[in-house]
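Residues per chain are reported as follows:
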Amino acid sequence: MLVTEQLKRWWKAIAIIITPILFLPLVIRFHSDASRCGYVILIIIIYWVTEAIPIAVTSLLPLILFPLLAVVKASEVAPNYFRDMTVLFFGGVTLAYAIQKVNLHRRVALFVLSFMGSSIRQIMAGLMLTSWFLSMWISNFACAAIMIPVAMATADEYAQSSYNSIEEDESSTALLITDEQQNFVSKKKADNLKKSFILCVLYSTTYGGLVTIVGSGVTVLLKGYVDEEYKNTNFHITFFNYFLAALPASALMLIFCWIWLQIRYGLFQWPTGSRQSLNENNEHVKRSLKRQYNELGSLQWNELIVTGVFFITVVLWITRDLGDSLGGWSVLFRYQYISNGTVVVLFAILTMILPNEKPFTKNWKYKPIIDWNDLSKNFPWGTLILLGAGLSIAHAAKVSKLMDVFHDAFQYFHNSRPVIILLAVLIISEILTQLTSNISIGSIMFPIITSMSYITHVHPAYLLIPCTLAVSQSFLLPMSSQPNAFAFSTGFLRSSDLITTGIVMSVVNTFIICVAATTWMVPIFHLDQPFYANSTFLNLTFSNST
């Protein structure tokens, strides 16, 4: 017992010390850049998975270990921490913070909920659509933190009104369930209602984050990786083509989630009662939501400004590059000089300049919508560093020729059908992402997938984009993602809820991703055409590989 207690107390220190020693034979036995690069990557992976060192701190190790072990020069590692991809991330987070600062997200949530209807199915659909849309533009964690309390209060409201005995609490919009009311609807059913509402928000934030290249860290990482690795090829990721590929897949996942949660928690049979009592219940919930929305009042000056900035940014993102045949407004400038990062940083800066209140009114005093000091305190600097670590690992793997080590192993897949290779990538990605952050897994998987695509003659887009969608399916454990941890912290979920609900969705979502990769993604990314890589024409076509 004493030994166990000591291990619990010291396991992080032990992991920090043992890990470099454990993999040291890689450096001693194999005298190559690839072995030293693999040594560093393995250490980083173990630290990421175990969190023996905070993830953000571990993400700084490439700046130290790659130069010390003569894998990559320090002057080549450092720029990876602030490339165009990280500029895009910085601008996107800043714009999202502006939306939260002026409380625009709550207005959108209550507006949608108050007009979606008031049955369980309609309320759940409203919660999911709102969370889905918001998480396209703000971080999944921020969206979950915003919407889960709304979902819990709405579940309490609905359960309370189902008993035809409503008791308002002056200090909160949530309502309590009395012992008498539990005679009509069991506590288990009320708990299931709340669980389903919490989970519907949790999963919707993940699906929404997949739709846009600024929706999550791993989609930003994909954009940066493709821009660097395939800059001399005809494979490019733009806001528009990625949106076209991801939106249908995300929507199908959302629809299945909506159906599955109702089946899983028995919501088709709840609540019971006469049609009149159900109608009264629904009307009460609808009035409550509209009351909360009306309490927000009319749109304020800062909300109007942020709304305008947001929509202009989105329109410019979508229309910057509409493809080779349609072009976009970027053709007005020198070729490839303007990026999505350029656009979002411009408008992010505007939110730090434009006044928070309507100017030239009585007692007006200038104050920007976002104050830099507030932004710097709330900005997720750790995630930005994590993105830099991902690019550094990908760069080091390429320079050290570490991916050549995998070539022999990938020969096994040489004559395999593309769908088999795709399934292998998806299963590995979804298993690994349960253990640590999706950005970490993406930064490891992307270089491996690049090597695999060359060996197996499969277009890289056929594997990279599905892998990006798969590594976000971190549904099974509380520690799999920050939104999972936040939802679990409410105290209404158990690990079994996440596992039993999430495993079904993971299986179905894998099927959806496979369908996407073999159907509508083909014309979007020209998977039936050859592409260039490393200045060498590779006649690797999707059609030939099938």
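The rules behind these values
- Residues numbered from 1 in each chain as written.
- Predicted model: local features only at pLDDT ≥ 70, side-chain atom pairs only at ≥ 80, totals over all residues.
- Heavy atoms only, no water.
- pLDDT = per-residue confidence, 0-100.
- Contact = heavy atoms within 4.5 Å.
- Helix = DSSP H or I, 4+ residues; strand = E, 2+ residues; numbered from the N terminus.
- Polar contact = N/O pair within 3.5 Å; in protein donor to acceptor, adjacent residues only side chain to side chain.
- Axes fitted to C-alpha atoms, helices over the stretch in contact; angles between N-to-C directions.
- Parallel < 35°, antiparallel > 145°, perpendicular 65-115°, else oblique.
- Left-handed = near helix turned anticlockwise from the far one by under 90°.
- Nonpolar A, V, L, I, M, F, W, Y, C, P; charged D, E, K, R; others polar.
- Salt bridge = Lys/Arg side-chain N within 4 Å of Asp/Glu carboxyl O.
- Buried < 20%, exposed > 50% of the residue type's maximum accessible area, 1.4 Å probe, protein only.

(A) Local environment of the confidence of the model for the chain. Here the chain averages 79 in pLDDT, while 81% of its residues score no lower than 70. Low confidence marks residues 163-185, where pLDDT is under 50. Its contacts with residues over four positions away, or in another chain, come to 39 contacts. Predicted confidence for residues 532-546 stays below pLDDT 50, and this span has 38 contacts to residues more than four positions away or in other chains.

(B) Seen up close, the side chain of E303. Structurally, E303 is set in helix α15 (residues 301-320). Of the polar contacts made by the side chain of E303, one reaches the backbone nitrogen of Q300; its length is 2.9 Å. Non-local contacts of E303, meaning those with residues more than four positions away in its chain, are made with V102, N103, L104, R107 and S298.

(C) Up close: the packing of helix α12 (residues 217-229) against helix α22 (residues 460-470). Here α12 crosses α22 at 160 degrees, and the two axes come no closer than 9 Å. When the axes of α12 and α22 are compared, the pair comes out roughly antiparallel. α12 and α22 meet at a crossing whose hand is right-handed. On the side of α12, the interface is formed by V218, T219, L222, Y225 and V226, while α22 contributes L464, I465 and T468. Tallied by class, residues from the contact of α12 with α22 come to six nonpolar, two polar and no charged.

(D) Quick peek at the pattern of salt bridges. Taken as a whole and judged by the stated rule, the model has seven salt bridges. Here D497 ties to K195 by a salt bridge, and the two come within 3.3 Å at their closest N and O atoms. Here D497, found in helix α24 (residues 495-518), pairs with K195, found in helix α11 (residues 187-209); they are 302 residues apart in sequence, far enough to count as distant. Judged by its relative accessible area of 4%, D497 is buried. Among the charged side chains, a network of salt bridges with common partners joins R83, E228 and K231.

(E) Geometry of unusual backbone geometry. Unlike most non-glycine residues, A70 shows phi in positive territory, near 60 degrees. Counting through the fold element by element, A70 comes out in the loop between α5 (61-68) and α6 (74-77). Despite not being glycine, H526 has its phi angle at roughly 55 degrees, a positive value. With a relative accessible area of 35%, H526 lands in the partly exposed category.

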